[in-house]
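Letter by letter, the chains look like this.
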Amino acid sequence: MNKNKYFQKLQANYFFTDIMTKGRKYAEAHPDTRVLSLGIGDVTRPLPQQVIAAMHNAVEDMAHEETFHGYCLEEGNPILRKAIIENDYLPRGINLQLDEVFVSDGAGSDLGNTSELFDKNNRVAVLDPVYPAYVDTSVMAGRAGELVGGKWSDIVYLPCVRENGFVPDLPRKKVDIIYLCFPNNPTGTTLTRPQLQRFVDYALRHDSIIIFDAAYETFIEGDDIPHSIYELEGAERVAIEIRSYSKTAGFTGVRCGYTIVPRQTGLQQMWHRRQCTKYNGTSYISQQGALATYTPEGKQQVRDNIMYYKHNARNILNSLQGMGFEVYGGIHSPYIWMRTPDGMSSWQFFDLLLEKCQVICTPGVGFGSAGEGYVRFTAFATHQTTDEALERMKRL
Ligand code: PLP
């Protein structure tokens, strides 16, 4: 047996595991202090009541012969897929067919799995900084080349930094797969319609595919910023969109999301084939929970949760600004991206904040080399943790 050599190129630890380990070690060494985390992007609000009720009912269904469910359809419950089309797309003028919607167990899996649809020799472009999964997935698939000075030799990096107003340039050399994530994790920034249209036009011109990660779509305020890539002309020919109920409705521990693979990409049948072979469908209970987010009460309860996190985001943004820091994001996103003071590195600031305030943030450099000199704060903690963490920073 030969191991997959590409896996061995990956750094031993996942970045977020390193942060958790540092925080845990600090807490163990200082048992009398309470370490507060504004670091990892996991949610803290309980599931909406409507979702809980639907999941209870689903469990009850499983208890009786007449209502028991075995395997679900690989592509997901048609009622949920219809609800997705009617609630998340039709109001924005986007017409999808039922067989273009695939229910998943969250965005994370499909971000990686969709890369199986493409030849190994395809060239990948990613934003820099960005959520690490796209790069790691490309490494595992053998598309990244060698790691040289913090960058993979075969990956095209598209800086998304203050110097370009967090609007990435188009790739200078031809790329085949473009991973876009907007609202962006970690910078919390978004693109306007014309800015995103340039990427769609590029993909149309170069026969590329865009994997559009819209995990934070629900945080977008108003209609000026595109909520879906399919709002843009021609995107249905060149884009796969990935969404999740994780940050929308608190499903990080439940697992449910969906992936749109339009027929016009020429990939829909391949993806269907792939799912039927390798994925035996999302859990019935999770899907029933997701369906409940589309009821009037469910929608309101989801909105309430988002407003809860948005309150934190504004609080972090205003407080950090008040302390004189340079900050970005936090409006259409649960993430606040902060420039470290006095030229400190991301990890130096992380250590300082942990040491002096017992607060955990996320070092920006973990999202790519263009994230060096920044840290990310998340709005997903409770009000109490957020307020106290900010108080400690103000005192410092
Ligand atoms: N995409 C982005 C940009 C994320 O930040 C995350 C999780 O933090 C995911 C995808 C994964 O989400 P899920 O829980 O749906 O797997």
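The structure we're discussing is the one just above.
Residues numbered from 1 in each chain as written. Predicted model: local features only at pLDDT ≥ 70, side-chain atom pairs only at ≥ 80, totals over all residues. Heavy atoms only, no water.

**Q** I would appreciate a short explanation of the side chain of Asp 128 in the present structure.
**A** Within the fold, Asp 128 resides in strand β3 (residues 124–128). In this structure Asp 128 is buried but unpaired, with Lys 151 as the nearest side chain of opposite charge at 4.1 Å. A polar atom in the side chain of Asp 128 sits 3.2 Å from the backbone nitrogen of Ala 370. If near-sequence neighbours (up to four positions away) are discounted, Asp 128 is found in contact with Lys 151, Tyr 157, Leu 158, Pro 159, Cys 160, Val 161, Phe 367, Gly 368, Ser 369, Ala 370 and Gly 371. (Helix = DSSP H or I, 4+ residues; strand = E, 2+ residues; numbered from the N terminus. Buried < 20%, exposed > 50% of the residue type's maximum accessible area, 1.4 Å probe, protein only. Lys, Arg positive; Asp, Glu negative; His and termini not counted. Salt bridge = Lys/Arg side-chain N within 4 Å of Asp/Glu carboxyl O. Polar contact = N/O pair within 3.5 Å; in protein donor to acceptor, adjacent residues only side chain to side chain. Contact = heavy atoms within 4.5 Å.)

**Q** Quick question: what am I supposed to make of the sheet that holds strand β15 (residues 374–378) here?
**A** With antiparallel pairing, four strands are arranged side by side in an open sheet as β11-β12-β15-β14. If you trace the sheet from one side to the other, it starts and ends with β11 (327–329) and β14 (362–363), each paired once. Where strand β12 (residues 335–339) lies against β15, five bridges are found, and the strand directions are antiparallel. Bridged to Arg 339 within β15 is Tyr 374. (Pairing = 2+ DSSP bridges.)

**Q** Could you clarify how one ought to interpret the environment of Ser 283 in this entry?
**A** Within the fold, Ser 283 resides in the loop between α9 (268–278) and α10 (284–292). Sequence separation between Ser 283 and Glu 75 is 208 residues; the distance between their C-alpha atoms is 11 Å. A polar atom in the side chain of Ser 283 sits 3.2 Å from the backbone nitrogen of Ile 285.

**Q** Which parts of the structure should I look at to understand helix α3 (residues 78–89)?
**A** The periodicity of an α-helix, 3.6 residues per turn, causes residues three or four positions apart to be oriented the same way. With 12 residues, α3 should cover 16 Å at 1.5 Å per step; its first-to-last C-alpha distance of 15 Å lies within 8% of that length. What α3 keeps buried is the set Leu 80, Arg 81, Ala 83, Ile 84, Ile 85, Asp 88 and Tyr 89. Tucked into the core, α3 has its buried residues touching β2 (101–104), β9 (239–244), β10 (257–260) and α10. Regarding α3, its N-cap is Asn 77, as a side-chain oxygen of that residue lies 2.8 Å from the backbone nitrogen of Ile 79 further along. (Expected span 1.5 Å × (residues − 1).)

**Q** Explanation requested: the side chain of Thr 187 in the structure shown.
**A** As for its placement among the helices and strands, Thr 187 is situated in the loop between β7 (177–181) and α6 (193–206). When its relative accessible area of 0% is taken as the criterion, Thr 187 is described as buried. Polar side-chain contacts of Thr 187 include one of 2.7 Å to the side chain of Thr 189. Each residue touching Thr 187, except ones within four places of it in the same chain, is listed here: Pro 129, Cys 160, Phe 166, Tyr 328, Gly 329, Tyr 335 and Trp 337.

**Q** Help me understand the site of the ligand in this model?
**A** Near the ligand you find 15 residues, and of these Asp 213, Tyr 216, Ser 244, Ser 246 and Lys 247 are the closest. A distance of 2.8 Å is found between an oxygen atom of the ligand and a backbone nitrogen or oxygen belonging to Gly 108. Within the side chain of Arg 255, an N or O atom sits 2.7 Å from an oxygen atom of the ligand. In isolation the ligand offers 400 Å² of accessible surface; the protein chains occlude 90% of this area. Listed by contribution, the elements that provide at least two residues to the shell around the ligand are α4 (107–113) and α8 (246–249). Looking at the shell around the ligand residue by residue, the class counts come to seven nonpolar, five polar and three charged. (Near = heavy atom within 4 Å. Areas by Shrake-Rupley, 256 points an atom, 1.4 Å probe, with all protein chains shown as cover. Nonpolar A, V, L, I, M, F, W, Y, C, P; charged D, E, K, R; others polar.)

**Q** Honestly, the sheet that holds β10 in this entry has me stumped. Any pointers?
**A** The seven strands lie next to each other as β2-β10-β9-β8-β7-β3-β6, forming an open sheet whose pairing is mixed. Since the sheet does not close on itself, it has two edges, and those belong to β2 and β6 (155–159), each with one partner. On average, adjacent strands in this sheet sit at an angle of 20° to one another, irrespective of strand direction. Sheet topology places β7 next to strand β8 (residues 209–213); five bridges connect them, and they run parallel. Residue pairing in the sheet places Cys 181 in a bridge with Asp 213 of β8. Together, β3, β6, β7 and β8 form the strand contacts of helix α5 (residues 133–140), whose direction differs from that of β7 by roughly 155°. (Axes fitted to C-alpha atoms, helices over the stretch in contact; angles between N-to-C directions.)

**Q** Quick question: what am I supposed to make of the pattern of salt bridges here?
**A** This model, assessed by the stated rule, comprises 20 salt bridges. Asp 351 serves as the salt-bridge partner of Lys 22, at 3.0 Å between the closest nitrogen and oxygen. Separated by 329 residues along the polypeptide, Lys 22 in helix α1 (residues 15–29) and Asp 351 in helix α12 (residues 346–357) bring together distant segments of the chain. On the accessibility criterion, Lys 22 (33% relative accessible area) is partly exposed. With a shortest N-O distance of 2.9 Å, Arg 392 and Glu 388 are connected by a salt bridge. Here Arg 392 and its partner Glu 388 are both found in helix α13 (residues 383–395), four residues apart, which amounts to about one turn of the helix. Relative accessible area serves as the criterion here: at 27%, Glu 388 is assigned to the partly exposed category. Within the structure, one salt-bridge network assembled from shared partners comprises Arg 162, Glu 163, Glu 326 and Arg 339.

**Q** Any chance you could explain the nonpolar core here in plain terms?
**A** The nonpolar side chains of a soluble globular protein tend to be buried with one another. Judged by nonpolar contacts, the single largest core of 86 residues is most densely connected at Ile 210 and Ile 229. Beyond its immediate stretch of four places on either side in the chain, Ile 210 contacts Ile 178, Leu 180, Phe 199, Val 200, Ala 203, Ile 229, Val 238, Ala 239 and Ile 240. Judged by nonpolar contacts, the second largest core, of 35 residues, contains Phe 16, Ile 19, Leu 38 and Leu 317. (Core = buried A, V, L, I, M, F, W, Y, C linked by side-chain atoms within 4.5 Å.)

**Q** What am I meant to see in unusual backbone geometry here?
**A** Leave glycine aside and you will find that most residues have negative phi; peptide bonds, for their part, are mostly trans. Going from Asp 128 to Pro 129, the amide bond is cis rather than trans, its omega being 5°. Locating Pro 129 in the fold gives a position in the loop between β3 and α5. Cis geometry is found at the peptide bond from Asn 185 to Pro 186, where omega equals 25°. Among the secondary structure elements, Pro 186 is positioned in the loop between β7 and α6. The phi angle at Asp 207 is positive, at roughly 60°, despite the residue not being glycine. Mapped onto the elements of the fold, Asp 207 is located in the loop between α6 and β8. For Arg 255, which is not glycine, the phi torsion reads 80° and is therefore positive. Turning to its location among the elements, Arg 255 is positioned in the loop between α8 and β10.

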